Amino acid sequence: MKKDRIYLFDTTLRDGQQTPGIDFSVEDKIAIAGMLDEFGLDYVEGGYPGANPTDTAFFARKRTARAKFVAFGMTKRAGISASNDPGLAALLDSQSDAICLVAKSWDYHVRVALGCSNEENLESIAESVRAVVASGREAMIDCEHFFDGYKANPDYALACATTAFTSGARWVVLCDTNGGTQPAEVRAIVEAVIAAGVPGANLGIHAHNDTGQAVANTLAAVEAGVRQIQGTLNGIGERCGNANLVTLVPTLALKETYAERFDIGIDTDMLTGLTKLSHTFDELLNRSPDHQAPYVGASAFATKAGIHASALLKDPRTYEHVTPESVGNLRKVMVSDQGGKANFINALKLRGITVAKDDPKLDRLIQIVKEREATGYAYEGADASFALLAYRTLGTVPDFFHVESFRVMVERRYDANGQLKTVSEAVVRLIVDGETMMSVAEGHGPVNALDLALRKDLGKYQSEIADLELADYKVRILNGGTEAITRVLIESTDASGARWWTVGVSDNIIDASFQALMDSIVYKLLKNRGEAGKAAAE
Ligand SMILES: [Zn+2]
């Protein structure tokens, strides 16, 4: 039996941006779009070109290789033609493959928010879709407040959907904008839309999680015939969030009831990257991954042995609904279990390191990682530090240079003009090839001063790190108060466009930063020698 294709549409960079406390930079957006693209999603929606400088810059180039790159905006305003609408023009100027336009589909909002007639709104939908199609792009219409609009005026909501479809929209997306619709209602209303003439193969669902049912509503829509699902990484989004793609993807791929009918374009191999995708995204947001997240949480496959101990040891799978390996997660039953080891071997293989299962150095590495993670290190978000640790434990990393000591001073004082200023200065003493050198630098804050001093003179390696740049610096306090443990995560990049993440942990923020900076520099030197190329590309 031929399976129906379900298309996965990610709106992390557009709707996810509405999450309180989240504000993506262009660099963040480029990194996230790359992760989504690499994972294998069909559509990556990037934001509103023309609406703010970040999104306009982001859309100056296409940011995906495989996935369709989608720009979001509004249908043309009533009273002017599509060709004279500046908002639509900015969308058509963007480097996008598809354009998703939000349209009112609740007559109340047409009257109150748009202040135009129902007919004018339908005309805006039709003309805007035609303008997108004429530009050679795929057109989509997000029918805002569709379910609430349908309940208030079913004929008008249906007219909006059918107008979009007959005007040439590839997708008509039904949005539960307020997030209050229940699964049975979603199912019945989607069936009514299909009966009105928009085929399920052209329908999408955009669900919000205000009653905790965004995933359930999405699946209800799929059961009713919808073939595009919209969601975000880890379910971020306004208020209670959007449908969580990290939950939906494995459910559709692994649960027989869906897997036997649908193909989502993510094969079993790609699916093993899911946990990493989810956790790397949390690290980028500088927040702790949810331990109880379905499929990818650290506790998702952790069982306290207790009275089930013997059964668990015999066959842990009797206590699991899917295998942790299928989504790249780890089983947590015993510290030295074989599943954990196999996962480690896989993680190393991804970085081009092969190691025999019975190699005692592998046990040593697992031991070190577990000990360090217990003290606050997080290697999921710091690939380069993990790779360095593996190289050091399993093989050797050259001693490029040795830092003998460093000192950082912060002084807050009044300058000659009576202005209060804070000055940071760092002194680093290091040895390269038996030669001691001392560098002094002032910086914007102590970490910047230390970074500048550390990279000021690396002797014969200096030219090699000329293109090394720090792209981001994140600090997380692991337990409250000023005596807390601090984790520093640094993102670095170089002229090749590669990006890598390193981590440092200490009860001293400068020391934690120093560790992460050192790892970044050593990683860069290894990378220059072609020994860390694989990990750098990840
Ligand atoms: Zn939304």
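The text that follows walks through the structure, step by step, so that each part is easy to find. Predicted model, so just to flag it, every value in this text is computed and none were measured.

On a plain count of helices and strands, the protein chain comes out with 20 helices and 16 strands. Taking the principal axes of its C-alpha atoms as reference, the protein chain extends roughly 80 × 75 × 40 Å. In the protein chain, the share of contacts with a sequence separation of at least 24, taken over all contacts with a separation of at least 6, comes to 65%. Element-wise, carbon and sulfur atoms account for 51% of the exposed surface of the protein chain, whose accessible area totals about 23,600 Å². Taking the 55 positively charged and 71 negatively charged side chains of the protein chain as two groups, their mean positions are separated by 3 Å.

Donor atoms from the polypeptide that coordinate the zinc ion comprise Asp15 (OD), His206 (NE2) and His208 (NE2), at 2.0 to 2.2 Å from the metal. In primary sequence terms, the donor set of the zinc ion follows D-x190-H-x1-H. Of this pair, Asp15 sits in the loop between strand S2 (7-10) and helix H1 (26-39) while His206 sits in strand S8 (residues 203-207), and the two are 191 residues apart along the sequence. What makes Asp15 buried here is its relative accessible area of 5%.

The subject of this paragraph is the nonpolar core. In terms of nonpolar packing, the biggest core is built from 88 residues, with Phe146, Val172 and Val190 touching the most fellow members. Beyond its immediate chain neighbours, meaning those up to four positions away, Val172 contacts Ile141, Cys143, Ala161, Ala164, Phe165, Val198, Asn202, Leu203 and Gly204.

This paragraph deals with unusual backbone geometry. Even without glycine at this site, Arg239 takes up a positive phi of about 50°. Positive phi is not limited to glycine here, since Asp433 has a value of about 55°. Structurally, Asp433 can be placed in the loop between strand S12 (420-432) and strand S13 (435-443).

Let us look at the sheet that holds S8. Either a parallel or an antiparallel arrangement is found when strands of a sheet pair, and the pairing is made through backbone hydrogen bonds. Spatially, the eight strands close up into a barrel ordered S2-S3-S4-S5-S6-S7-S8-S9, and their pairing is parallel. Taken over all neighbouring pairs, the strand axes of this sheet differ in orientation by 25° on average, direction set aside. In the sheet, strand S5 (residues 98-104) pairs with strand S6 (residues 138-144) via seven bridges, with the strands oriented parallel. Each bridged residue has a counterpart across the sheet, and for Ala103 the counterpart in S6 is Cys143.

One open sheet accounts for three strands, arranged S11-S12-S13; its pairing is antiparallel. Edge positions in the sheet fall to strand S11 (402-414) and S13, since each of these pairs with one other strand and no more. When strand polarity is set aside, the average angle formed by the axes of neighbouring strands in this sheet is 15°. Direction of pairing for S12 relative to S13: antiparallel, over a ladder of nine bridges. In the strand pairing of S13, Val432 is matched with Glu435.

In this structure the tally under the stated criterion is 14 aromatic pairs. A ring pair is formed by Phe58 and Phe69, whose centres lie 5.4 Å apart and whose planes are at 80°; its orientation type is edge-to-face. On the criterion of sequence distance, the pair formed by Phe58 in helix H2 (residues 53-58) and Phe69 in strand S4 (residues 68-74) is long-range, its members being eleven residues apart. Their ring planes at 10° and their centres at 5.8 Å tell us that Tyr377 and Tyr379 sit as a pair that is stacked. Site record: aromatic cluster; members linked through ring pairs are Phe58, Phe59 and Phe69. Here Arg170 stacks its cationic end above the ring of Tyr7, 5.7 Å away from the centre of that ring. Across from the ring centre of Trp171, 3.8 Å away, lies the NZ or CZ of Arg170, which sits over that ring.

Our focus in this paragraph is the pairing of strand S3 (residues 43-47). Here S3 lies mainly inside the structure; five of its five residues are buried. By the bridge criterion, two bridges tie S2 to S3 in an arrangement that is parallel. Each bridged residue has a counterpart across the sheet, and for Phe9 the counterpart in S3 is Tyr43. Note on the crossover from S2 through H1 to S3: the handedness is right-handed.

Let us now look at H1. The terminal C-alpha atoms of H1 lie 20 Å apart, and with 14 residues this matches the ideal 20 Å at 1.5 Å per residue to within 8%. If you check which residues of H1 are buried, you get Asp28, Lys29, Ala31, Ile32, Ala33, Met35, Leu36, Asp37 and Phe39. Of the residues trailing H1, Gly40 is marked for its positive phi of about 115°.

For Leu389, the position within the fold is in helix H17 (residues 383-394). Sequence-distant contacts of Leu389, defined by excluding residues within four places in its chain, comprise Leu365, Ile368, Val369, Arg372 and Tyr379.

Let's shift gears to helix H5 (residues 118-134). Under the 1.5 Å per step criterion, the end-to-end length of H5 is 25 Å for 17 residues, consistent within 8% with the ideal 24 Å. Within the sequence span of H5, burial applies to Asn121, Leu122, Ser124, Ile125, Ala126, Ser128, Val129, Ala131 and Val132. At the exit of H5 stands Gly136, carrying a positive phi of roughly 85°.

What follows concerns the pairing of strand S16 (residues 499-506). In terms of burial, S16 is a largely internal element, eight of the eight residues being buried. A two-sided burial pattern is seen for S16, the buried positions comprising Arg499, Trp501, Val503 and Val505 on one face and Trp500, Thr502, Gly504 and Ser506 on the other. Bridge analysis of strand S15 (residues 486-493) against S16 gives eight bridges, and the strand direction is antiparallel. Its bridge partner lying in S16, Ser492 is registered against Trp500.

This part takes up the packing of helix H9 (residues 214-224) against helix H10 (residues 245-254). One way to put it is that H9 packs onto H10 with a least axis distance of 10 Å and a crossing angle of 40°. Classified by the angle their axes make, H9 and H10 are oblique. Crossing of H9 against H10: the hand is right-handed. Counting all contacts with H9, which are made through Val215, Thr218 and Leu219, the residues of H10 involved are Thr247, Leu248, Thr251 and Leu252. In the contact of H9 with H10, the residues fall into four nonpolar, three polar and no charged.

Viewed as axis vectors pointing N to C, helix H16 (residues 360-375) and H17 meet at an angle of 140°, and their least axial separation amounts to 9 Å. Accordingly, the angle class assigned to the pair H16 and H17 is oblique. Crossing handedness for the pair H16 and H17: right-handed. Contacts between H16 and H17 involve Lys361, Leu362, Arg364, Leu365, Ile368, Val369 and Arg372 from the former and Phe386, Leu389, Ala390, Thr393 and Leu394 from the latter. Along the lines of polarity and charge, the residues of the contact of H16 with H17 split into eight nonpolar, one polar and three charged.

Conventions adopted
- Residues numbered from 1 in each chain as written.
- Predicted model: local features only at pLDDT ≥ 70, side-chain atom pairs only at ≥ 80, totals over all residues.
- Heavy atoms only, no water.
- Helix = DSSP H or I, 4+ residues; strand = E, 2+ residues; numbered from the N terminus.
- Contact = heavy atoms within 4.5 Å.
- Areas by Shrake-Rupley, 256 points an atom, 1.4 Å probe, with all protein chains shown as cover.
- Lys, Arg positive; Asp, Glu negative; His and termini not counted.
- Charge placed at Lys NZ, Arg CZ, Asp CG, Glu CD.
- Donors = N, O, S within 2.8 Å, 3.2 Å for Na, K, Ca; no water.
- Buried < 20%, exposed > 50% of the residue type's maximum accessible area, 1.4 Å probe, protein only.
- Core = buried A, V, L, I, M, F, W, Y, C linked by side-chain atoms within 4.5 Å.
- Pairing = 2+ DSSP bridges.
- Axes fitted to C-alpha atoms, helices over the stretch in contact; angles between N-to-C directions.
- Phe/Tyr/Trp six-rings, centres within 6.5 Å; stacked < 30°, edge-to-face > 60°.
- Lys NZ or Arg CZ within 6 Å of the ring centre and 35° of its normal.
- Right-handed = clockwise from strand over helix to strand, strands pointing away.
- Expected span 1.5 Å × (residues − 1).
- Parallel < 35°, antiparallel > 145°, perpendicular 65-115°, else oblique.
- Left-handed = near helix turned anticlockwise from the far one by under 90°.
- Nonpolar A, V, L, I, M, F, W, Y, C, P; charged D, E, K, R; others polar.

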